[in-house]
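Fold and geometry: a report
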Amino acid sequence: MRTIGIGIIGMGWMGSVHSRAYRAVPDRFPDCQISPRLIICADEVEARAKEAQARFGFSESTTDWQQVLDHPDVDVVNIATPNHMHLEQVKAAAEAGKHILCEKPVGLDPEETAEIAQIVQEAGLLSFVGYNYRWAPAVQRALELVQQGKIGRLTHYKGWLLVGYASDPGSVLSWRLQSDLGGMGALGDLMSHAIDMGMMLAGPIKRVIGQSETFIKERPVATPGQGDHYSTNRDGPTEPVTNEDYVSALVQFENGVRGALETCRVIQGPQSEIGFSIHGTEGAIRWDFERMNEFELYLTDDEQDKGYRRVLAGPEHPLHASFSPGAGIGLGYDDLKTIEAYHFMESIASGRQGEPGFAQAQSVAEVQDAIKRSWVSEHWENIQKIGPH
Ligand SMILES: NC(=O)c1ccc[n+]([C@@H]2O[C@H](COP(=O)([O-])OP(=O)(O)OC[C@H]3O[C@@H](n4cnc5c(N)ncnc54)[C@H](O)[C@@H]3O)[C@@H](O)[C@H]2O)c1
């Protein structure tokens, strides 16, 4: 049994989900013979750090994140703080020689993501990124079908991430909605997942033309150290929102596939519609996170009965059997984080860089950079290599 020492920085929503995920790895994947050990967690809010220590069983907790990096038993640092802290914390973790999982969007802007990728590569450390939606067994099955050529030569791709966490104008001005703390808005927060999924399924993107909008321009101020990005404070004083609520883009992939990506954090109707449809010359596949344990499949060789058919995720699909022995007995969001933690732990134990690491985050950032350039130029923009600021 290989023990890997874990330190987590930021014990909000993601820090908690990651903690649960590491604990679940030996239970869900006993054959991997890896035992993640929760060593130390940090949060600037002492009560959160202490509560997380007690709840998840960390040996220690602290309000000083530097102590996580200095701890001799920590092999891996898991960064789950607001985006403006990622660069400084990755730099310090790399200097301390720790492997790193960083939540998306890895940098505050595309250049920061490039800098982070460069620092970690030069230090010879392993990295991983929280693009968790790709790990749904139904999505991994879709990827297999695409790779096996079951839907033929790819022609179209549509990806979306339409969520309602900020659709109430009374929901607070959390760090996510402020450019100095969250960086880009929907382009960083939501489009990172949509671009990652699109490139995993349909290949690298060649050029884009996008648009953005901030539909709700002022919001009530958040109470520091309290609540989350779903919190409301309808009667509180308001301040301006400083990044975008909505981003969409037409995209052309290098292999000729044509498509579109759309993301919004203030939409009415969808709550967590995170999905794709991919089309080829011999079929199509459609998936949405709100029904993450199924996908729709259309194959042209069924000439008599046209239309999509519903396929339930089951034990014959990638890693589903680690969670349930039957089709239609579904996984939840936290299980995707457990699969992510498992892949990361396997990468650490084997010493081989897994996917998605910071190299994938840099590719995602290059597409974000081109979408942003196209808002200004109002023309198609080619994807270009980006470097640090
Ligand atoms: N992969 C996904 O699906 C997904 C979902 C949500 C969030 N995220 C990402 O995860 C990260 C965290 O998001 P969240 O929703 O957990 O945010 P959150 O606001 O719930 O939690 C952030 C935590 O960091 C703490 N913190 C702030 N400054 C700190 C400091 N200096 N030292 C230590 N702790 C500090 C806060 O007190 C808070 O507890 C972000 O990068 C976000 O984009 C990813």
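Quick caveat: nothing in here was measured; it's all calculated off a predicted structure.

Of the voids in this model, the second largest pocket is the one considered here, and its volume is about 240 Å³. For the second largest pocket, the lining is made up of 17 residues, of which Ala117, Gln121, Ser127, Phe358 and Ala359 are closest to its centre. Within the residue set of the lining of the second largest pocket, elements represented by two or more residues are helix H5 (110–122) and helix H11 (358–377). Sort the elements by how many residues they give to the lining of the second largest pocket and H5 lands first, with five residues. When its residues are assigned to classes, the lining of the second largest pocket shows seven nonpolar, nine polar and one charged.

Taken in spatial order, the six strands line up as E3-E2-E1-E4-E5-E6 in an open sheet, and their pairing is parallel. Unpaired on one side and paired on the other, strand E3 (60–62) and strand E6 (127–129) mark the two borders of the sheet. Within this sheet the neighbouring strands show an average axis-to-axis angle of 25°, counted without direction. The sheet contact formed by strand E4 (residues 76–79) and strand E5 (residues 99–102) spans four bridges and is parallel. Residue pairing in the sheet places Ile79 in a bridge with Cys102 of E5. In this fold helix H2 (residues 46–56) packs onto strand E2 (34–42) and E3, with an angle of close to 165° to the strand it touches most, E3. Sitting on the sheet, H11 touches E5 and E6, and the angle it makes with E6 is about 45°.

Take the sheet that holds strand E15 (residues 294–299) next. On the basis of which strands lie adjacent, the open sheet formed by nine strands has the order E16-E15-E14-E13-E7-E12-E11-E8-E17 and mixed pairing. Among the strands making up the open sheet, the edge pair consists of strand E16 (309–312) and strand E17 (381–382). As paired elements, strand E7 (residues 154–163) and strand E13 (residues 272–280) share nine bridges and run antiparallel to each other. Its bridge partner lying in E13, Tyr157 is registered against Ile278.

It is worth spelling out the site of the ligand at this point. The environment of the ligand is formed by 27 residues, the closest being Asp43, Arg48, Asn83, Asn132 and Tyr333. Lys104 is positioned with one of its backbone polar atoms (N or O) 2.8 Å from an oxygen atom of the ligand. Calculation on the ligand without its partners gives an accessible area of 840 Å², and the protein chains cover 93% of this total. Contributions of two or more residues to the shell around the ligand are made by helix H1 (13–28) and helix H10 (333–350). The residue inventory of the shell around the ligand, partitioned by class, reads twelve nonpolar, eight polar and seven charged.

You can see Asp335 is positioned in helix H10. We note that Asp335 is buried and unpaired, the nearest opposite charge coming from Arg28 at a distance of 4.7 Å. Looking at Asp335, its side chain comes within polar contact range of the main-chain nitrogen of Gly332, at 2.9 Å.

Attention now moves to the domain arrangement of the chain. Each assigned domain of the chain is listed here: domain 1 (2–132) and domain 2 (137–330). Placing a centre on the C-alpha atoms of domain 1 and another on those of domain 2 gives a separation of 25 Å. Contact with domain 1, which involves 16 residues of that partner, is made by 19 residues of domain 2. For the pair domain 1 and domain 2, the two sides together bury roughly 1,500 Å², of which 60% comes from carbon and sulfur. One can count one salt bridge joining domain 1 with domain 2. Along the contact surface separating domain 1 from domain 2 lie three residue pairs in polar contact (both at pLDDT 80 or more). Here the side of domain 1 that touches domain 2 is composed, by residue class, of eight nonpolar, four polar and four charged.

This part takes up H10. Think of an α-helix as 3.6 residues a turn; residues three or four steps apart then line up on the same face. For H10, spanning 18 residues, the distance from its first C-alpha to its last is 26 Å, which sits close to the expected 26 Å at 1.5 Å a residue. By the criterion of burial, H10 is predominantly enclosed, with 13 of the 18 residues buried.

Thresholds, definitions, all that
Residues numbered from 1 in each chain as written. Predicted model: local features only at pLDDT ≥ 70, side-chain atom pairs only at ≥ 80, totals over all residues. Heavy atoms only, no water. 1 Å grid on protein atoms, 1.4 Å probe; cavity = no way out; pocket = protein on both sides within 12 Å on 5 of 7 lines; lining within 4 Å. Points joined across faces, edges and corners; volume = space filled by probe spheres on them. Helix = DSSP H or I, 4+ residues; strand = E, 2+ residues; numbered from the N terminus. Nonpolar A, V, L, I, M, F, W, Y, C, P; charged D, E, K, R; others polar. Pairing = 2+ DSSP bridges. Axes fitted to C-alpha atoms, helices over the stretch in contact; angles between N-to-C directions. Contact = heavy atoms within 4.5 Å. Near = heavy atom within 4 Å. Polar contact = N/O pair within 3.5 Å; in protein donor to acceptor, adjacent residues only side chain to side chain. Areas by Shrake-Rupley, 256 points an atom, 1.4 Å probe, with all protein chains shown as cover. Buried < 20%, exposed > 50% of the residue type's maximum accessible area, 1.4 Å probe, protein only. Lys, Arg positive; Asp, Glu negative; His and termini not counted. Salt bridge = Lys/Arg side-chain N within 4 Å of Asp/Glu carboxyl O. Domains from an automatic or database assignment. Buried area = accessible area lost by both parts, 1.4 Å probe. Expected span 1.5 Å × (residues − 1).

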